[in-house]
Amino acid sequence: MGLLRQSEKLGLPLMNLVRFKGMPILDQLNLEEKLLRTTSDNWCIVNDGANAPTVVMGVSGKPAELLELESVIGDNVPVIKRFTGGGTVIVDEGTIFVTLICNKDAVPKVQPYPRSIMSWSGKLYDEVFQGIGDFQLRENDYVFGNRKFGGNAQSITKDRWIHHTSFLWDYEDRNMTYLKLPSRAPEYRSARDHTEFVCRMREYLQRSAFIDKTIKALDNYFMVQPATPADVNSCQVAKFAHSTRLLSKQELEDACSSTKPGTIAQSASI
Amino acid sequence: LAVLDGLKYAKSHEWVKHEGDVALVGITDHAQDHLGEVVFVELPEVGAAVSQGGSFANIESVKATSDVNSPVSGEVVAVNDKLGEAPGLVNTSPYEDGWMIKVKPSNASELGSLMGPKDYTKFCEEEDAAH
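Rules used throughout
Chains are numbered independently. Their residues run from 1 in the order of the written sequence. Whichever chain is written first becomes A and whichever ligand is written first becomes 1, with later ones labelled in order. With the structure being a predicted model, the display of local features is reserved for residues of pLDDT at least 70 and the display and counting of side-chain atom pairs for 80 or more, all residues being used for whole-chain, interface and lining totals. Computation of side-chain values covers all heavy atoms of the structure but excludes hydrogens and water. Secondary structure is summarised from DSSP: a helix means a run of H or I of at least four residues, a strand means a run of E of at least two, and numbering begins at the N terminus for each. We take the radius of gyration over the C-alpha atoms and set the globule estimate at 2.2 Å times the residue count to the 0.38 power. Only protein chains enter the accessibility calculation, which uses a 1.4 Å probe; a residue whose area is less than 20% of its type maximum is buried, one above 50% is exposed, and one in between is partly exposed. Contacts between residues were defined by any pair of non-hydrogen atoms, one from each residue, lying within 4.5 Å. Using a 1.4 Å probe, the Shrake-Rupley method yields the accessible areas, and only the shown protein chains count as cover for residues. Charge counting follows a simple rule: Lys and Arg are positive, Asp and Glu are negative, and His as well as the terminal groups are ignored. Where a charge lies is defined by one atom per residue type: Lys uses NZ, Arg uses CZ, Asp uses CG and Glu uses CD. Only when DSSP finds a minimum of two bridges between them are two strands counted as paired. One less than the number of residues in a helix, times 1.5 Å, gives the span that helix is expected to have. By definition, the arc is the one covered by directions from the helix axis to the C-beta atoms. Buried area is a sum: the accessible area each of two parts loses on coming together, probed at 1.4 Å, counted once for each and added. The salt bridge criterion pairs a side-chain nitrogen of Lys or Arg with a carboxyl oxygen of Asp or Glu, the two atoms within 4 Å. In protein, a polar contact means a hydrogen-donor-capable atom and an acceptor-capable atom, both N or O and within 3.5 Å, with residues adjacent in sequence counting only if both atoms are side-chain atoms; elsewhere, any N or O pair within 3.5 Å suffices. UniProt positions are given in the numbering used here, feature names are shortened, and annotations may be inferred rather than shown by experiment. Residue types Ala, Val, Leu, Ile, Met, Phe, Trp, Tyr and Cys, when buried and joined through side-chain atoms within 4.5 Å, form a set referred to as a nonpolar core.

Novice: How should the overall build of chain B be read in this particular structure?
Specialist: Secondary structure assignment for chain B yields four helices and nine strands. Traced from its N-terminal end to its C-terminal end, chain B shows the element sequence β-β-β-α-β-β-β-β-β-α-α-β-α. Computed over the C-alpha atoms, the radius of gyration of chain B is 14 Å, within 12% of the 14 Å expected from 2.2 N^0.38 for a compact globule of 131 residues. Across its three principal directions, the C-alpha atoms of chain B cover 35 × 35 × 20 Å. Out of the 131 residues belonging to chain B, those deemed buried represent 53%. Considering only contacts within chain B whose residues lie at least 6 apart along the sequence, 63% involve residues at least 24 apart. Put simply, chain B shows about 5900 Å² of open surface, and 49% of that area lies on carbon and sulfur atoms. A distance of 6 Å separates the average location of the 9 positive side-chain charges in chain B from that of its 22 negative side-chain charges.

Novice: Sorry, what's going on with the sheet that holds strand 8 (residues 74–79) of chain B here?
Specialist: In sheet architecture, strand pairing relies on hydrogen bonds along the backbone and comes in two forms, parallel and antiparallel. All names here are of chain B. The six strands lie next to each other as 1-2-3-9-8-5, forming an open sheet whose pairing is antiparallel. Both edges of this open sheet fall to strand 1 (8–9) and strand 5 (49–50), since each of them pairs with a single strand only. Across two bridges, strand 5 lies against strand 8 in antiparallel orientation. What sits directly across from A49, in strand 8, is E75.

Novice: Is there a simple way to explain helix 8 (residues 207–218) of chain A in this structure?
Specialist: Residue and element names in this part refer to chain A. Between its first and last C-alpha, helix 8 extends 17 Å over twelve residues, near the 16 Å set by a 1.5 Å rise per residue. All of the buried residues along helix 8 are R207, F210, I211, T214, I215, A217 and L218. Summarising the axial view, the buried residues of helix 8 lie within an arc of 160°, below the 170-degree limit, and thus occupy one face. The inward-facing, buried residues of helix 8 abut strand 1 (14–20), strand 2 (42–48), strand 6 (95–103), helix 5 (114–128), strand 10 (160–168) and strand 11 (223–226).

Novice: How do you make sense of the interface of chain A and chain B when you look at a structure like this?
Specialist: Many analyses report the size of an interface as the accessible area lost when the parts associate. Contact with chain A, which involves 24 residues of that partner, is made by 24 residues of chain B. Carbon and sulfur atoms supply 49% of the area buried between chain A and chain B, which totals about 2000 Å² over both sides. As a salt-bridge pair, A:D141 and B:K63 come within 2.9 Å of each other at their nearest N and O atoms. On inspection of chain A and its partner chain B, the count reaches 15 residue pairs in polar contact (both at pLDDT 80 or more). Elements with a contribution of two residues or more to the side of chain A that touches chain B: helix 5 and strand 9 (147–156) of chain A.

Novice: What's the story with the UniProt feature "domain: BPL/LPL catalytic" (unreviewed entry) in chain A in this structure? I'm lost.
Specialist: UniProt tags residues 40–226 of chain A as "domain: BPL/LPL catalytic" (unreviewed entry). Segment residues 40–226 of chain A splits into 24% helix and 30% strand. End C-alpha atoms: 17 Å apart.

Novice: Could you clarify how one ought to interpret the UniProt feature "modified residue: N6-lipoyllysine" (unreviewed entry) in chain B in this entry?
Specialist: Annotation from UniProt places "modified residue: N6-lipoyllysine" (unreviewed entry) at B:K63. Considering the arrangement of structural elements, one finds B:K63 in the loop between strand 6 (55–61) and strand 7 (64–69). In this view, B:K63 contacts A:G85, A:G86, A:N140, A:D141, A:N152, A:A153 and A:Q154; residues no more than four positions away in its chain are not counted. Within polar-contact distance, the side chain of B:K63 engages the backbone oxygen of A:N152 at 3.4 Å.

Novice: Help me out: how do you make sense of the UniProt feature "domain: Lipoyl-binding" (unreviewed entry) in chain B in this one?
Specialist: Using the residue numbers shown here, the UniProt feature "domain: Lipoyl-binding" (unreviewed entry) corresponds to residues 22–104 of chain B. Strand forms 43% of residues 22–104 of chain B and helix 18%; the C-alpha atoms that close the span are 5 Å apart.

Novice: When you look at the sheet that holds strand 3 (residues 54–57) of chain A in this model, what are you seeing that I'm missing?
Specialist: Residue and element names in this part refer to chain A. As summarised here, the arrangement of the four strands in space is 5-3-4-12, forming an open sheet in which the pairing is mixed. The open sheet has two edge strands, strand 5 (89–91) and strand 12 (245–246), and neither has a second partner. Bridge count between strand 3 and strand 4 (residues 79–81): three bridges; the pairing is parallel. Residue pairing across strands places V56 opposite I80, the latter belonging to strand 4.

Novice: What is the right way to read the nonpolar core from this model?
Specialist: Here is a general trend for soluble globular proteins: nonpolar side chains tend to be buried in one another's company. Counting 38 residues, the largest nonpolar core has A:Y125, A:F129, A:F167, A:F210 and A:F222 as its most contacted members. Contact partners of A:F129, with chain neighbours within four places excluded, come to A:F135, A:F144, A:F149, A:F167, A:M201, A:L205 and A:F210. Core analysis: the next-biggest nonpolar cluster, separate from the first, contains 25 residues, B:V16, B:L35, B:V72 and B:M100 among them.

Novice: Whenever I open this one, the pattern of salt bridges confuses me. Can you help?
Specialist: Side chains that differ in sign of charge can pair as their charged atoms come close. Residues and elements named next belong to chain A. This model, assessed by the stated rule, comprises 14 salt bridges over all chains. A salt bridge links K148 to D141; the nearest nitrogen and oxygen atoms lie 3.5 Å apart. Summarising the burial analysis for this pair, K148 and D141 share the class buried. Between R202 and D170 there is a salt bridge, with the nearest N and O atoms lying 2.6 Å from each other. Here D170 lies in the loop between strand 10 and helix 6 (173–176) and R202 lies in the loop between helix 7 (194–197) and helix 8, a separation of 32 residues in the sequence. Residues participating in the shared-partner salt-bridge network are D170, D173, R200 and R202.

Shown next, in the form of structure tokens:
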């Protein structure tokens, strides 16, 4: 309560900062959706690395179009469909996640629409990466030059929005082979495959430095207040129907079958 | 940006048009312009209940999912199946071919809390000016 009065005096809205390390991405996404839809606070969630390689598709993603399904199924790679829009990424312990959940009036001049939110987030990360690489928000991706190192996505409700980013601090080249070249891609990609299109943030700055600089940049817009996982749990409702979900092996196998020639003839003969 | 006569408007930028005992619902030209190119629309099932101000659908544009909120309460009696294959109709024809659901309204008095065309136009201008 004392901190709230202080932030009101300063005129900056309060933002709760929660930090995790190695949290499974499914748990993170479920937490984010719950905080977005069932609380009225501003949140920054930093998850320093997921616990295991996982494919994460956007809300409208079609596995058959986006994934090399035989490899994904053969290697038992989990596939998640998340509640936000955007494309497909593969995340692991080398990925740093930064999520911002805000009330629609929390940041002056920002309207609850995707381009307005990203225009602001681009400025926020301009401050984080000032003097580091040739950083820019390019066709809605975070890039150094023409190489993407951060994929972002959003979900917008009537009164709140979430902007979350998976930053490739490091990644395994092999994991990128699970992803197909998407049919919907930014122009600057120029049909490059993943290894030519993305780059590693570790070549530009230390992991801890990135996280520290991000929190410092947020200080310009919010009164950032550390919160513990217990604080997070205490403000959550007991029951919430998540829309993020793990796709079943059957779903992936059915999607894989649908891409193979002869499937329709086989099913017609049954 | 177009604001049509004969419709009622919500502050969250949806419109409603009464056609007999059914209400047609969609998003406004202002909303589609601010959302950007729509690539996916997720609609409710026929028979679902909607409540005024509550989310009934999702639109994906520019890497974001955005809630669409119903201007009226009632039961969904039809959904626009064309939006599955042609989500861009929401951009090109937000008041006609881009309609989203038809609702059998349960509370006629809710119309009183919605804006007419002139008030909605002013609302949009003020909202954009404030940002």
